[in-house]
Amino acid sequence: NYVKVSHQGNYNYDPMEDQFPLGSSVRHAAYGGGGVPHTALNGLNGYPSTIVTAATLAGIAAQTTPYEITLTQNWISATSVDVTVVVANTTGAAVNTANKIFISMVEETVSFPSAPGTNGETEFHWVLRQMYDGTGGENATAGSALGTIPANGNQTFTFNVTPPSYI
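Residues numbered from 1 in each chain as written. Predicted model: local features only at pLDDT ≥ 70, side-chain atom pairs only at ≥ 80, totals over all residues. Heavy atoms only, no water.

A. Local environment of the packing of aromatic side chains. On inspection of all chains with the given rule, the structure shows 2 aromatic pairs. Centroid distance Phe-112 to Phe-124: 5.9 Å. Interplanar angle 85°. Geometry classified as edge-to-face. Separated by 12 residues along the polypeptide, Phe-112 in the loop between strand E4 (103–111) and strand E5 (123–132) and Phe-124 in strand E5 bring together distant segments of the chain. (Phe/Tyr/Trp six-rings, centres within 6.5 Å; stacked < 30°, edge-to-face > 60°. Helix = DSSP H or I, 4+ residues; strand = E, 2+ residues; numbered from the N terminus.)

B. Spotlight on the sheet that holds strand E7 (residues 154–161). Taking strand neighbours across the sheet as the criterion, the 3 strands line up as E1-E2-E7 in an open arrangement whose pairing is antiparallel. At either end of the open sheet lies a strand with only one pairing partner, and these are strand E1 (67–77) and E7. Between one strand axis and the next, the sheet turns through 10° on average, direction left out of account. In terms of strand pairing, strand E2 (residues 80–89) meets E7 through 8 bridges, oriented antiparallel. In the sheet register, Val-86 faces E7, and the bridge partner there is Thr-156. (Pairing = 2+ DSSP bridges. Axes fitted to C-alpha atoms, helices over the stretch in contact; angles between N-to-C directions.)

C. Looking closely at the nonpolar core. Within the largest apolar cluster, 15 residues are counted, with the highest numbers of intra-cluster contacts made by Val-85, Val-87, Ile-101, Phe-157, Phe-159 and Val-161. Secondary-structure elements contributing two or more residues to this core are E2, E4 and E7. It is E2 that provides the largest number of residues to this core, a total of 4 residues. Beyond its immediate stretch of four places on either side in the chain, Phe-157 contacts Val-83, Thr-84, Val-85, Val-87, Ile-101, Gly-134, Ser-144, Ala-145 and Leu-146. (Core = buried A, V, L, I, M, F, W, Y, C linked by side-chain atoms within 4.5 Å. Buried < 20%, exposed > 50% of the residue type's maximum accessible area, 1.4 Å probe, protein only. Contact = heavy atoms within 4.5 Å.)

D. Main features of the pairing of E2. With 7 of 10 residues buried, E2 is to be regarded as a mostly interior element. One ladder, built from 10 bridges, connects E1 with E2; its direction is antiparallel. The partner of Gln-73 across the bridge, within E2, is Val-83. Linking two consecutive strands that pair antiparallel, namely E1 and E2, is a turn of 2 residues.

E. The layout of surface pockets, seen in detail. Reported here for the second largest pocket is a volume of approximately 190 Å³. Elements with a minimum of two residues in the lining of the second largest pocket: E1, E2, E4 and E7. In terms of residue class, the lining of the second largest pocket is built from 10 nonpolar, 2 polar and no charged. (1 Å grid on protein atoms, 1.4 Å probe; cavity = no way out; pocket = protein on both sides within 12 Å on 5 of 7 lines; lining within 4 Å. Points joined across faces, edges and corners; volume = space filled by probe spheres on them. Nonpolar A, V, L, I, M, F, W, Y, C, P; charged D, E, K, R; others polar.)

F. Geometry of the environment of Ser-25. Take Ser-25: it is sitting in helix H2 (residues 21–31). Judged by relative accessible area, Ser-25 falls into the partly exposed class, the value being 34%. C-alpha of Ser-25 to C-alpha of Thr-141: the two residues are 116 residues apart in sequence and 9.9 Å apart in space.

Right under this line is the structure:
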């Protein structure tokens, strides 16, 4: 029911910001984070970390969407990944709500031998490492417009990316 993505913050030094400095400033502008940690649920701001409860998460999980998104990846080599994203309209009517898709490369676990910051943390989970648009353009923090998807139709994004060297 949930997908967690940790966006780096630029309030103090964050080692994840070294690899993708554009990510923190753009995400901060989009979600208006006032500090770290900060939580946005379902792409919406207004859920500070202090009020994320089981009931809050259950309410978000109960919301519906007209989309089903399938992503496949084929690692050709350490420097080449083919990516296909299919956004399907699961309703019987055309969908045109000016939605955007943000395609992110997320690293499951990043570990440091000693804490890189001042809070003692050495292990970070589901860390945003790069963002792409529907053509595979890197640092594409604006996303790609979905446009109108006909009833029971789909829109496909297919591209090749070069993974960051630190992955």
